[in-house]
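# Inside the fold
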Amino acid sequence: MGTRQPRGRSGGRPTLEEVAARAGVGRGTVSRVINGSPRVSERTRAAVEEAVAELGYVPNTAARALAANRTDSIAVVVPEPESRFFAEPYFSDIIHGVGAALAETDMQLLLTFAGGDRERRRLAQYLAAHRVDGVLLVSVHADDPLPDLLEQLDIPAVISGRRSADETLASVDSDNFAGARAAVDHLVARGRRTIATITGRLDVYGAQRRLDGYRDALAEAGHQVDEALIVQGDFTEEGGRRAMAELLERAPALDAVFAGSDVMAAGARQVLRTAGRRIPDDVALVGFDDSAIARHMDPPLTSVRQPIAEMGRTMTDVLLSEIADDRPAAARRLYRPQIILPTELVERASS
């Protein structure tokens, strides 16, 4: 005995319009609920979902995407070499958050790397063909051409971390300035006097803000900012090793190091140990990210926790809202959210 198919008023399969009428909302609202947009109140969402259940409405994903000139897919673009992506927990945590936000939608996720000129050109051609509905850009450098390309193509996009204080695209970031300040305040409170820092690449705005926070905390504590105690790294373990070796040459008497990432802190720790410096007895060490690396180091690493998975979820929610926004491009550009999530210092035995 066959299963009876739901029927709409017309006698055929229920339509989007019939769901809208049953729920007492507009057709666009039903579409937003079905597409998982966060721009719908819980009461309205519940009414639409109840109408969908009562009528037995089944969205025709392919037809809907075609009619709306949609692909039902978004891209996560990482303008870095694959080696860095797989070496740093930051990226996997972002992807985890993105996946969690997409779990209740029909959206497919495409992950692509654009660490070199050839990859960027290939990606530009792919995006120009409008093969995705939106883009999440993770780890963007100040001179990266991809954000401007997305603007030109009018493709909805959200950046993980602003390129500058004047960012024009929607962005989600952690409070890098306050996090760095908390790290240095902690070291000052522990009685450390010669506090060095290993920065990330300074063409990344977040790394600039961490350096700003370091300078600000030292100045407020009455410590003179010594440029010899500032060495630029590149967010890699090898970069942390190189920077730490340079710091020991410049300032052998240093008694604390704030590293701009846990990965760089791990590299710095190796050099300190080789040099016979005990952590934290001789040199206190603080990182940034509060990744699994921090918890598993010996001794466990004090680190600034940034809510990376939450950043991925928030970026995705903002992007889905932009995709669902059917206003003209000029109207959509009037307001693009710049969201900053709080950080928290997690104290462990390294400091």
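Let me begin by describing the structure that accompanies this report. Bear in mind the structure is a predicted one, so any value in this text is a computation, not a measurement. (Residues numbered from 1 in each chain as written. Predicted model: local features only at pLDDT ≥ 70, side-chain atom pairs only at ≥ 80, totals over all residues. Heavy atoms only, no water.)

### With respect to the nonpolar core
If you look at the biggest cluster of nonpolar residues, it comprises 43 residues, and the most contacted ones within it are Ile198, Tyr214, Met244, Leu254, Val257, Phe258 and Leu285. Considering every element that reaches this core, the biggest residue donor is helix 12 (residues 262–274), with 6 residues. Leu285 has contacts with Val257, Ala265, Ala268, Arg269, Ile279, Met297, Leu301, Thr302, Ser350 and Ser351, leaving out every residue within four places of it along the chain. If you look at the next biggest cluster of nonpolar residues, it comprises 24 residues, including Tyr90, Met107, Val172 and Leu319. (Core = buried A, V, L, I, M, F, W, Y, C linked by side-chain atoms within 4.5 Å. Buried < 20%, exposed > 50% of the residue type's maximum accessible area, 1.4 Å probe, protein only. Helix = DSSP H or I, 4+ residues; strand = E, 2+ residues; numbered from the N terminus. Contact = heavy atoms within 4.5 Å.)

### Structural notes on the packing of aromatic side chains
Scanning the entire structure with this criterion turns up 6 aromatic pairs. Measuring from ring centre to ring centre gives 6.2 Å for Phe86 and Phe113, while their planes differ by 50°; the resulting arrangement is tilted. With Phe86 in helix 5 (residues 82–87) and Phe113 in strand 2 (residues 108–113), this pair connects stretches of sequence that are 27 residues apart. Taking relative accessible area as the criterion, Phe86 reaches 62% and is therefore assigned exposed. Their ring planes at 85° and their centres at 5.5 Å tell us that Tyr90 and Phe91 sit as a pair that is edge-to-face. Its relative accessible area of 1% is what places Phe91 among the buried residues. Each member of the aromatic cluster is reached from another via a ring pair, and the members are Phe85, Phe86, Tyr90, Phe91 and Phe113. Positioned above the aromatic ring of Phe288 is the side chain of Arg210, whose terminal nitrogen or guanidinium carbon lies 3.7 Å from the ring centre. (Phe/Tyr/Trp six-rings, centres within 6.5 Å; stacked < 30°, edge-to-face > 60°. Lys NZ or Arg CZ within 6 Å of the ring centre and 35° of its normal.)

### Concerning the pattern of salt bridges
Tallying each qualifying case throughout the model produces 25 salt bridges. The residue Arg241 makes a salt bridge to Glu238 at a minimum N-O spacing of 2.8 Å. Taken together, the residues span about one helical turn, with Arg241 and Glu238 both in helix 11 (residues 237–250) at a distance of 3 residues. Given the relative accessible area of 25%, Arg241 is considered partly exposed. Residue class for Glu238 comes out partly exposed when judged on its relative accessible area of 36%. Ionic contacts of the salt-bridge type, sharing partners, join the residues Asp234, Glu237, Glu238, Arg241 and Arg242 into one network. (Salt bridge = Lys/Arg side-chain N within 4 Å of Asp/Glu carboxyl O.)

### Description of helix 14 (residues 308–324)
The terminal C-alpha atoms of helix 14, which comprises 17 residues, lie 25 Å apart, in line with the 24 Å expected from a rise of 1.5 Å per residue. Burial runs high along helix 14: 12 of the 17 residues are buried. Turning to helix 14, its buried residues are Ile308, Met311, Gly312, Thr314, Met315, Thr316, Val318, Leu319, Leu320, Ser321, Glu322 and Ile323. (Expected span 1.5 Å × (residues − 1).)

### As for the packing of helix 2 (residues 27–34) against helix 3 (residues 42–55)
Axis separation between helix 2 and helix 3 bottoms out at 10 Å; the angle between their running directions is 90°. If you check the angle between helix 2 and helix 3, you find them roughly perpendicular. In contact with Thr29, Val30 and Val33 of helix 2, helix 3 contributes Thr44, Arg45, Val48 and Glu49. (Axes fitted to C-alpha atoms, helices over the stretch in contact; angles between N-to-C directions. Parallel < 35°, antiparallel > 145°, perpendicular 65-115°, else oblique.)

### Quick word on the sheet that holds strand 4 (residues 157–160)
Taken together, 6 strands build an open sheet; the order of strands is 2-1-3-4-5-11 and the sheet is parallel. Unpaired on one side and paired on the other, strand 2 and strand 11 (338–341) mark the two borders of the sheet. Sheet twist, expressed as the average angle between the axes of neighbouring strands with direction ignored, equals 20°. The sheet contact formed by strand 4 and strand 5 (residues 170–174) spans 3 bridges and is parallel. Counterpart to Ile159 in the pairing with strand 5 is Ser171. (Pairing = 2+ DSSP bridges.)

### Brief notes about unusual backbone geometry
Pro280 follows Ile279 through a cis peptide bond whose omega is 5°. In this fold, Pro280 is placed in the loop between helix 12 and strand 9 (284–289). Look at the link from Asp298 to Pro299: it is a cis peptide, with omega at 0°. Position of Pro299 relative to the elements: it lies in the loop between helix 13 (292–296) and strand 10 (302–305).

### Re helix 9 (residues 176–189)
Taking 1.5 Å per residue, 14 residues should reach 20 Å; helix 9 reaches 20 Å between its end C-alpha atoms and fits that length. Within helix 9 the residues assigned to the buried category are Asn176, Gly179, Ala180, Arg181, Ala183, Val184, His186 and Leu187. Of the residues trailing helix 9, Gly191 is marked for its positive phi of about 85°.

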